[in-house]
Amino acid sequence: MILEDSSVESEILPSIKLVGVGGAGVNILTQIHHKTTSVDFIAMDSAGNSLEPGIWTHTVRLGNNPKSLGCGADPEKGRQAALQSSQLIADCFKNSDMIILVAGLGGGVGSGALPIIAKVAKQECRVVVCFTVMPFPFEGRKRTLFAHETYSRLKEEQVAIVMLSNKRVLQHFSPNTPLLKIMEEVGLQLTSLIDNFIGIITSTSLINIDFADMKTILSPGGCMFIGRSSELSNAGLDISIDQALKNEILEIFDFTQANRSILLIEAGSSFNLGTLYDIGEALEDKSDKDIELIMGINLEPAMKDEINMTIFMLGDFLS
Ligand SMILES: Nc1nc2c(ncn2[C@@H]2O[C@H](COP(=O)(O)OP(=O)(O)OP(=O)(O)O)[C@@H](O)[C@H]2O)c(=O)[nH]1
Ligand SMILES: [Mg+2]
């Protein structure tokens, strides 16, 4: 466990590029735009209709065909399109502190172009995080297979990968729920996850942790879990930690294999150092590995006995 001297980093905000890749990625970023500030919004797709002017700092039309309507669910076409545009992609990523890629896996662009975009991103910036959505089970096994292949390719690029599970989200809806409502819900869940993530990594009010620390934990990449709990401290720490290690919209994560973690705590004035160590120890006990753990604290006297925890866990594979 690393517990550093209290210091608040300079107020200069890191340069974060939030990039929607393919139809789903671009749609999802359109939903988050009004909430998330201090980032550059970039859209990348082979289909021109996603790239209409509006919220974007940059757009990149992937591939040499200006009339393309998409890659027709063919990842090889997506891969080729991204390779043809790799210089344009690299130009967009210059001088970034963090690049966040968002895509639905299983289609041509989200599955084929994303690993190439991730590779270029990683050449330009040490920290690349991908928020991905796995296909719905009813979209067929081929899409799921493509999605798994994409996941393996992303891992090779050493990017951090958060995998939202459409299958798990579906369990919360009855079979007669309109598909559009489910898609909207997936979009909402993902935008909220991304928005919280950006809020935390750009927070200047945390004690003990700064953007450079987060970069250290995130830069080797791997599968990433994000969970959150909000409890009264007298509810018992184990309950709070278990709550924070549940996230029913993400693919199942094998905590025993986690080797890095970021723990963020917001608490009231009664919060003490002993509790902090207890939480760190409890987290380390979840894994069979030696966890590299960093902790950040945000003390808000008005919270009194409340503790909010956000936990990022990273490991090399998904169970
Ligand atoms: N939440 C959400 N998921 C979507 C949306 N559109 C598509 N998806 C999911 O993302 C997967 C990929 O779809 P797209 O993003 O449209 O495909 P693409 O990457 O643009 O690739 P092609 O269109 O095949 O060239 C689909 O199989 C769906 O599971 C959306 O608007 N919201
Ligand atoms: Mg498309």
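Since the structure is predicted, the reported quantities are computational estimates derived from the model, not experimental observations.

K.L.:
Got a minute to help me understand the overall build of the protein chain in this structure?
P.N.:
Within the protein chain one finds 10 helices and 10 strands. For 319 residues, the compact-globule estimate of 2.2 N^0.38 gives 20 Å, and the C-alpha radius of gyration of the protein chain, at 20 Å, lies within 12% of that figure. With respect to the principal axes defined by its C-alpha atoms, the protein chain has extents near 60 × 45 × 35 Å. Relative to its 319 residues, the protein chain shows a buried fraction of 54%. The contacts of the protein chain with a sequence gap of at least 6 include a subset with a gap of at least 24, amounting to 78%. Split by element, the accessible area of the protein chain, about 14,300 Å² in all, is 50% carbon and sulfur. Of the side-chain charges in the protein chain, 25 are positive and 39 negative, and the distance between the mean point of each set is 11 Å.

K.L.:
Help me understand the environment of G23 in this model?
P.N.:
With respect to the element layout, G23 can be found in helix α1 (residues 22-32). Sequence spacing of G23 and D45 is 22 residues, and the spatial spacing of their C-alpha atoms is 7.0 Å. Leave out the neighbours within four places in its chain, and G23 touches D45 and S50.

K.L.:
How should I be thinking about the site of ligand 1 in this particular structure?
P.N.:
Taken together, 20 residues sit near ligand 1, with C71, A73, G110, E139 and R143 positioned nearest. At 2.8 Å, a backbone N or O of G23 approaches an oxygen atom of ligand 1. A distance of 2.6 Å separates an oxygen atom of ligand 1 from a polar side-chain atom of E139. For ligand 1, the cavity whose grid points lie within 2 Å of the majority of its atoms is the largest pocket. Of all elements in the fold, only α1, α4 (108-124) and α7 (179-201) reach the threshold of two or more residues within the shell around ligand 1.

K.L.:
Mind showing me how you'd approach the domain arrangement of the protein chain here?
P.N.:
Annotation of the protein chain at the domain level lists domain 1 (16-201) and domain 2 (222-315). Each of domain 1 and domain 2 was reduced to a C-alpha centroid, and the two centroids are 28 Å apart. Listed per partner, the contact involves 19 residues of domain 1 and 15 residues of domain 2. Taken together, both faces of the contact between domain 1 and domain 2 bury some 1,500 Å²; the carbon and sulfur share is 66%. Contact with domain 2 buries area across many residues of domain 1, yet R168, L193 and I200 alone supply 34% of it, more than any other trio. Seen at the junction of domain 1 and domain 2, the total is zero salt bridges. Our enumeration of links across domain 1 and domain 2 arrives at seven residue pairs in polar contact (both at pLDDT 80 or more). Broken down by secondary-structure element, the contributors of at least two residues to the side of domain 1 that touches domain 2 are β5 (128-134), β6 (160-165), α6 (166-170) and α7. Residues belonging to the side of domain 1 that touches domain 2 are distributed by class as follows: 14 nonpolar, four polar and one charged.

K.L.:
Looking at this structure, how should I read the pairing of strand β4 (residues 98-104)?
P.N.:
Along any regular strand the residues' side chains alternate between the sheet's two faces. Among the seven residues in β4, seven count as buried, and that is most of the element. Where strand β1 (residues 16-21) lies against β4, six bridges are found, and the strand directions are parallel. Its bridge partner lying in β4, L18 is registered against I100. Bridging between β4 and β5 involves six bridges; their strand directions are parallel. From the neighbouring strand, I99 faces β5, where its bridge partner is V128. Regarding the hand of the β-α-β motif, the stretch spanning β4, α4 and β5 is right-handed.

Criteria and cut-off values
- Residues numbered from 1 in each chain as written.
- Chains lettered and ligands numbered in written order.
- Predicted model: local features only at pLDDT ≥ 70, side-chain atom pairs only at ≥ 80, totals over all residues.
- Heavy atoms only, no water.
- Helix = DSSP H or I, 4+ residues; strand = E, 2+ residues; numbered from the N terminus.
- Rg over C-alpha atoms; globule rule 2.2 N^0.38 Å.
- Buried < 20%, exposed > 50% of the residue type's maximum accessible area, 1.4 Å probe, protein only.
- Contact = heavy atoms within 4.5 Å.
- Areas by Shrake-Rupley, 256 points an atom, 1.4 Å probe, with all protein chains shown as cover.
- Lys, Arg positive; Asp, Glu negative; His and termini not counted.
- Charge placed at Lys NZ, Arg CZ, Asp CG, Glu CD.
- Near = heavy atom within 4 Å.
- Polar contact = N/O pair within 3.5 Å; in protein donor to acceptor, adjacent residues only side chain to side chain.
- 1 Å grid on protein atoms, 1.4 Å probe; cavity = no way out; pocket = protein on both sides within 12 Å on 5 of 7 lines; lining within 4 Å.
- Sits in = over half its atoms within 2 Å of the grid points.
- Domains from an automatic or database assignment.
- Buried area = accessible area lost by both parts, 1.4 Å probe.
- Salt bridge = Lys/Arg side-chain N within 4 Å of Asp/Glu carboxyl O.
- Nonpolar A, V, L, I, M, F, W, Y, C, P; charged D, E, K, R; others polar.
- Pairing = 2+ DSSP bridges.
- Right-handed = clockwise from strand over helix to strand, strands pointing away.

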